[in-house]
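# Structure at a glance
Each chain, written out:
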Amino acid sequence: MKVTFLPSGLVFEASAGMSIMDAIRACDLKLDAPCGGNGTCKKCKVMVTDDGGEREVLACMTKITGDITVDISRKDEGHRILMGGITREVAPTPAVRVYTLEIPKPSTADLRDSWLRLTDALSEAARVEKGFFKPNLRVISKLYNTLEENAYRVDAIVCADEILDVVSVGSPVLGLAYDIGTTTVACYFADLRSGEQIAQASLLNPQTTYGGDVIMRVKYCVENGMEGPTGDIRKALNQLAANCAASAKQKMKNIYLITVVGNTCMHHLFLGISPASLAYAPYTPAAAEPMQLAASEFGFTVNPSAKLYMLPNIAGFVGADTVGAALAASMDEKKQITLLIDIGTNGEMVLGTEKRLIACSTAAGPAFEGALITCGMRGAEGAIDHVSLKDGKYTYSVIGGGKPIGICGSGLIDLMSELVRAGLVESAGRLLPPEEIETPEGLLLKDRITEYEGQRAFLLADAASSGTGEALVFTQKDVREVQLAKGAMAAGIQMMCSRLGIVTGDIQSVMIAGAFGSYMSPASACGIGLIPPELEEKVMAIGNAAGQGARLCVLSIDEYRRAAVLAKRIEYLELAADPQFQDVFVDELEFPGEDE
């Protein structure tokens, strides 16, 4: 059975029993499936043409029974991926060091082999005992020619007790730092000699076809194996490396050091470690320690001797990305009580001072990234990103300026806050019918209350105004999803405060990391109680702090070591195991009322 994919024109021969989603994955094409292909999120809609005509179907639920054409044109291209963030200047002292050596030429009076000649000179320069450096056959195989071509004056590129390469003096020595997010991947390209960032690149995490959140991806791997998710992310990272090298007009062979952060699930999937332990209580990681590995074993086509440094995890759902963010934010040096929140596909938080730090994780992100929302989407072209109901007038802005095709996280928070403030949603989370609306602003907006698939909804855009040709709505179910997500995060903050013996008003600084946090309105977040309202004036966005933490570690071995110490210092609070959590969570489900 022949499947022709548009717009690429790729033709695939499908076998019996395959779904359209199976064929998409087999062809290494990408299509969002936040629910992991269970038919519940309805985000994998594609246009199918066959003898029966053209129709829209769910790729995950539609079996291929004959020759078809499948249009998977993405309606949400142009994603807003955050690269910048809070950072610190550090002197370039990476794990990879460079020593310029003057090596004595061989003579009848000095018959040492080339390797011994090199290591003797290097041992003296590095102030280590002779015999410290272990043999590297890749270096040895070309060493004589390299020495001869450079008149025995060369740069030795070293990591710990390994000589990674011997090159002409002044040759480029480059590094890569990655932040593997559940939704996006960011890459930073650095000159390890100067410490300068010379390029950066990003893309959507290709694993989204296996599920929109870590739970769905773990489930997929447990049931189907890890080959697809692991292979996809490794290809993506190598492609980003190639993109950066091309942009900076550098060669991949000059890349000698790579650092990686990511949540625990992304960490495991990239390394090829089964994430099965994350699926079952008590949700412990298979490995949490920092690791120094050979980059060539993980799909990188960089220098064959390059090193891969993985930052440590803290717990099953607080990973190396949180460590990277805490490092970039210098949480281990804070005199004031500081709350660090990374609202991504998962909601990780760290609270405390230099004396004590506590971390927890809440299942908040899927709603805020649109996965569980009827017309939700990521922050991409066509997404409603901000909403106002001021004076009873509904206005919104759209990324890219065109017609809306959905609503992203920052728009959701604005909308939810405005619906509560205007009296269209009561504090318990019920979207009111028109006849129960009493506030002056609400009365001006009551005509936007409509019905959608048997439930009450707020009309975001009618069919004529939307970019999909269909009405966009925010339903009662969507209100509940936002309510659950904000309740989980707010409860997490309360529980950490309780563990530290403080109240939320004692928090002196709130640092919001991640793309969603950078575009989110602090007033709106406080308006729904996602962040305690009394902290509104203390909120600051710090961008992609996790990526900046990875960047610090590729530039400085001291920062990498500091990250390892920081990860051990941070106490993990398992919310589900605390008997008080459920009561606090229920309390935090309500939206702030007029008296709050």
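In this text the structure is predicted, and so the values were computed from the model without any measurement. (Residues numbered from 1 in each chain as written. Predicted model: local features only at pLDDT ≥ 70, side-chain atom pairs only at ≥ 80, totals over all residues. Heavy atoms only, no water.)

### Digging into the sheet that holds strand β21 (residues 449-452)
Put simply, the test is: DSSP calls a pair of strands paired once it identifies at least 2 bridges connecting them. Secondary structure elements are taken from DSSP: a helix is a run of H or I of four residues or more, a strand is a run of E of two residues or more, and numbering for both begins at the N terminus. Axis lines are fitted through C-alpha atoms, for helices just across the contact stretch, and the angle between N-to-C directions can take any value from 0 to 180 degrees. Contacts are residue-level and defined by heavy atoms, with any inter-residue pair within 4.5 Å sufficient.
Strands sit in the order β21-β22-β23 across an open sheet of three strands; the sheet is antiparallel. The sheet is open, and its two borders are formed by β21 and β23 (472-475), each paired with just one other strand. Between one strand axis and the next, the sheet turns by 55° as a mean value, whatever way the strands run. Pairing of strand β22 (residues 455-461) with β23 involves four bridges; the strand directions are antiparallel. Within β23, the position partnered with F458 by the bridge is F474. Of the strands in this sheet, β22 and β23 are in contact with helix α9 (residues 409-421), which crosses β23 at around 60°. Sheet strands in contact with helix α11 (residues 476-500) are β22 and β23, and its direction is about 60° off that of β23.

### Topic: the packing of aromatic side chains
Convention followed: Pairing of aromatic side chains requires ring centres within 6.5 Å, counting the rings of Phe and Tyr and the six-membered ring of Trp. Pairs whose planes differ by under 30 degrees are stacked, by over 60 edge-to-face, and all others tilted.
Evaluation of the coordinates by the stated rule reveals ten aromatic pairs. Of the aromatic side chains, those joined through ring pairs into one cluster are Y178, F270, F298 and F300.

### Digging into the pattern of salt bridges
Put simply, the test is: Any carboxyl oxygen of Asp or Glu within 4 Å of a side-chain nitrogen of Lys or Arg constitutes a salt bridge here. Relative accessibility decides the category of a residue: with a 1.4 Å probe and only protein chains considered, values under 20% of the type maximum give buried, values over 50% give exposed, and everything between is partly exposed.
Within this structure, the stated rule accounts for 22 salt bridges. Put simply, E559 and R562 hold a salt bridge, and the shortest N to O gap is 3.7 Å. Of this pair, E559 and R562 both sit in helix α15 (residues 557-569), separated by three residues, roughly a single helical turn. Comparing E559 with R562 shows no difference in burial state: the two are buried.

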